[in-house]
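# Reading the structure
Okay, here's what each chain looks like letter by letter:
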Amino acid sequence: MTLRGLRLLALATTLCLPTSVWSADLVPPTHEFTLDNGLRVLVRQDHRAPVAVVMVWYKVGSIDEPPGMTGISHMLEHMLFKDTKHLSPGDYSSLVARFGGQSNAFTAYEYTGYYQQYEATRLPLALELEAERMAHLRIDDDEFFRELQVVLEERRQRTDDNPNALAWEKFTGILSPGQGYAHPIIGWRQEIQQYQPEMAEHWYERWYMPGNATLVVAGDVDVDEVRALTERFFGAIPARDVPARPEPRQADIAGERRLNLVMPVQVPTLYMGWNLPSLLTAEDTHEFYALSMLSGILDGGRSARFQRNLVRGPRLAAGVSANYRGLARGDGAFIVSGTPTPGTSLDQLEAAVEAEIRAIVETPPDVAELDRVRAQVLSSHVFGQDSLFGQAMELGYLSVLGIDWRLRAGMAEALAAVTPEDVSAVARRYLTRERRAVAFVEPHVAPDTAQETADE
């Protein structure tokens, strides 16, 4: 049987299981403990392969950055691969490579994370390197300004010279006004250019400490060994007071915002986004699951409404997607993006998307639609267990957001409780004009090309 066949068989078998079996099977043995200095540790035991993944997540990201320092979390992430008390630039990467490992880091709105992956017996090395990073960073001025140029080049390649990415950055700026989600994670270029080494040092001293971090270890490991090694390498790092971070609260309704962009893109694009609660800011967490189901009804495979009614039916769009960003520290967002087919205007595509939403508001979806979406959501979580890295990511992500890492265990039951009327209710309550931001991105047409088109 092919790999695809095996996966389909596993999916068919799993979806027939009752909720109680889902809860047991979807959460491999996981242990949690906290060191005296405040470091939280999550250990996921999965012995299918002799591999270990180590991640350290810090509760600081771009939403924590004040004006004038946008992107400093990302800049500091780069510096964490440079000088420390016992390592010189290049030593960290060469050690990881010498012992057959992989390593990298990532910065997001709510967190900054670092990871290593090795053959399981290299676990002590991974933990020692992360403890060194947490306790002993040194920032050399010359090295800092060299790395600053790397970050500026990264921004140029990924955003400034990429019209689609630049359009998305401008759209997100109006999607979440007055929130940290409105500025780019990498930061604004004019602020990056003014970074000084002491700014990164300040950010490190403020946020990089045991009590503001979660260590995740997943793989072919023993929890007692992990506990002993964690105490050995991290236990002596002093505890420090963790700065207060504002509790997430629902933002005031901003009113409709619209943006018209003409840029050197290849095809026009429509962006529509609605500000609405996340799992953390919702008054009723049941709405999180209803909004997740709404997203799947609109964009959940070839049988979803956008595909059926906008792409494959009247062919108004080459593609349309819907995504509910409901796992966030602050408010979430429901985002629709689409590309019209030739001959279809962005106004027409926007009206067609609105019509699909209005249809759900006025007439609840049928039970068969909900069953299809529920199966897709749950199957994606089943397949997520195939990857040790994916498991570690989930544990760390939920931890730094302040969400119980056992969220997966109750998902089947929570989704089963969503009714067709619930889906209509959240669409009616949240996908409204006063919560909406819209961006039209039109291709820039050179004068010569425009004249040729007119002559034709």
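Reference entry: report on the structure contained in this document. Just so we're clear, the structure is a prediction, and the values are computed from it rather than from any experiment. (Residues numbered from 1 in each chain as written. Predicted model: local features only at pLDDT ≥ 70, side-chain atom pairs only at ≥ 80, totals over all residues. Heavy atoms only, no water.)

### Comments concerning the overall build of the protein
Secondary structure summary: the protein contains 18 helices and 11 strands in total. Taking 456 residues into account, the globule formula puts the C-alpha radius of gyration at 23 Å, and the protein, at 24 Å, falls close to it. Seen along its three principal axes, the alpha-carbon backbone of the protein occupies a region of about 70 × 60 × 45 Å. For the protein, the residues scored as buried account for 53% of the 456 residues in total. Residue pairs at least 24 apart in sequence account for 81% of intrachain contacts in the protein once pairs closer than 6 positions are excluded. In the form shown here, the protein has an accessible surface area of approximately 20,400 Å², with 51% of it arising from carbon and sulfur atoms. (Helix = DSSP H or I, 4+ residues; strand = E, 2+ residues; numbered from the N terminus. Rg over C-alpha atoms; globule rule 2.2 N^0.38 Å. Buried < 20%, exposed > 50% of the residue type's maximum accessible area, 1.4 Å probe, protein only. Contact = heavy atoms within 4.5 Å. Areas by Shrake-Rupley, 256 points an atom, 1.4 Å probe, with all protein chains shown as cover.)

### Some remarks on the nonpolar core
Membership of the largest hydrophobic core comes to 57 residues, with the highest contact counts inside it found for L127, Y208, L215 and F234. At 7 residues, the largest contribution of residues to this core is made by helix α5 (residues 123-135). Residue contacts for L215: discarding those within four places in its chain leaves L39, R40, V41, L42, V54, M55, V56, L127, T230 and F234. Core analysis: the second largest hydrophobic core is formed by 48 residues, Y289, A290, F334 and V438 among them. (Core = buried A, V, L, I, M, F, W, Y, C linked by side-chain atoms within 4.5 Å.)

### Quick look at the side chain of S379
Following the sequence through the fold, S379 ends up in helix α14 (residues 367-384). A relative accessible area of 10% places S379 in the buried class. A distance of 2.9 Å separates a polar side-chain atom of S379 from the backbone oxygen of Q376. (Polar contact = N/O pair within 3.5 Å; in protein donor to acceptor, adjacent residues only side chain to side chain.)

### Structural notes on the pattern of salt bridges
A full pass over the atoms with the stated rule returns 26 salt bridges. Here R436 and E256 are joined by a salt bridge, their closest N and O atoms 2.5 Å apart. Linking R436 in strand β11 (residues 436-443) with E256 in the loop between α10 (223-234) and β7 (257-263), this pair joins segments that are 180 residues apart in sequence. Residue classification places E256 among the partly exposed positions, given a relative accessible area of 32%. Close ionic contact of D404 with R406 constitutes a salt bridge, the shortest N to O distance being 2.9 Å. D404 sits in the partly exposed class, given a relative accessible area of 42%. When salt bridges that share partners are traced, they join E256, R258, E350, E354, R433 and R436 into one network. (Salt bridge = Lys/Arg side-chain N within 4 Å of Asp/Glu carboxyl O.)

### Side note on the environment of I335
Topologically, I335 is positioned in strand β10 (residues 332-340). Classification of I335 by relative accessible area gives buried; the value is 6%. I335 has contacts with W168, L175, M272, G273, S321, A322, N323 and R325, leaving out every residue within four places of it along the chain.

### Quick look at the sheet that holds strand β6 (residues 213-219)
Pairing within the open sheet is mixed, and its 6 strands lie in the order β1-β2-β6-β3-β5-β4. Bordering the open sheet on either side are β1 (30-34) and β4 (102-107), each of which pairs with just one other strand. Direction aside, the axes of adjacent strands within the sheet are offset by 15° on average. Examined bridge by bridge, strand β3 (residues 51-58) and strand β5 (residues 112-119) share 8 bridges and lie antiparallel to one another. Across the sheet, residue A52 finds its bridge partner in β5, namely Y118. Running over the sheet, helix α3 (residues 72-79) touches β4 and β5 and is turned about 165° from β4. (Pairing = 2+ DSSP bridges. Axes fitted to C-alpha atoms, helices over the stretch in contact; angles between N-to-C directions.)

### Thoughts on the side chain of T269
As for its placement among the helices and strands, T269 is situated in strand β8 (residues 269-276). Overall, T269 belongs to the buried group, its relative accessible area being 9%. Sequence-distant contacts of T269, that is, excluding residues within four places in its chain, are made with G338, T339, L346, A439, F440 and V441.

### What about unusual backbone geometry?
For R315, which is not a glycine, the phi torsion comes out positive at approximately 55°. Along the chain, the position of R315 falls in the loop between α12 (305-311) and β9 (317-325).

### Describing helix α11 (residues 286-298)
Between its terminal C-alpha atoms α11 stretches 19 Å, which fits the 18 Å expected from 13 residues at 1.5 Å a residue. Most of α11 is tucked away: 11 of the 13 residues are buried. Along α11, the positions that sit buried rather than exposed are E287, F288, Y289, A290, L291, M293, L294, S295, G296, I297 and L298. (Expected span 1.5 Å × (residues − 1).)

### Regarding a negative patch on the surface
Judged by side-chain charge, D140, D141, D142, E198, E201 and E205 come together as a negatively charged surface patch. Contributing elements (two or more residues each) for the negative patch: α6 (141-160) and α9 (197-207). It is α9 that provides the largest number of residues to the negative patch, a total of 3 residues. Along the chain, D141 turns up in helix α6. (Patch = residues over 30% accessible without salt bridge, like charges linked within 9 Å, V, L, I, M, F, W, Y side chains within 5 Å. Lys, Arg positive; Asp, Glu negative; His and termini not counted. Charge placed at Lys NZ, Arg CZ, Asp CG, Glu CD.)

### A word on the packing of α5 against α10
Where α5 meets α10, the closest approach of the two axes is 9 Å, and the angle between their N-to-C directions is 35°. Once α5 is placed against α10, the crossing between them reads as right-handed. Listed contacts from α10 to L123, P124, L127, E128, E130, A131 and M134 of α5 are V226, L229, T230, F233 and F234. By residue class, the composition of the contact of α5 with α10 is 9 nonpolar, 1 polar and 2 charged. (Left-handed = near helix turned anticlockwise from the far one by under 90°. Nonpolar A, V, L, I, M, F, W, Y, C, P; charged D, E, K, R; others polar.)

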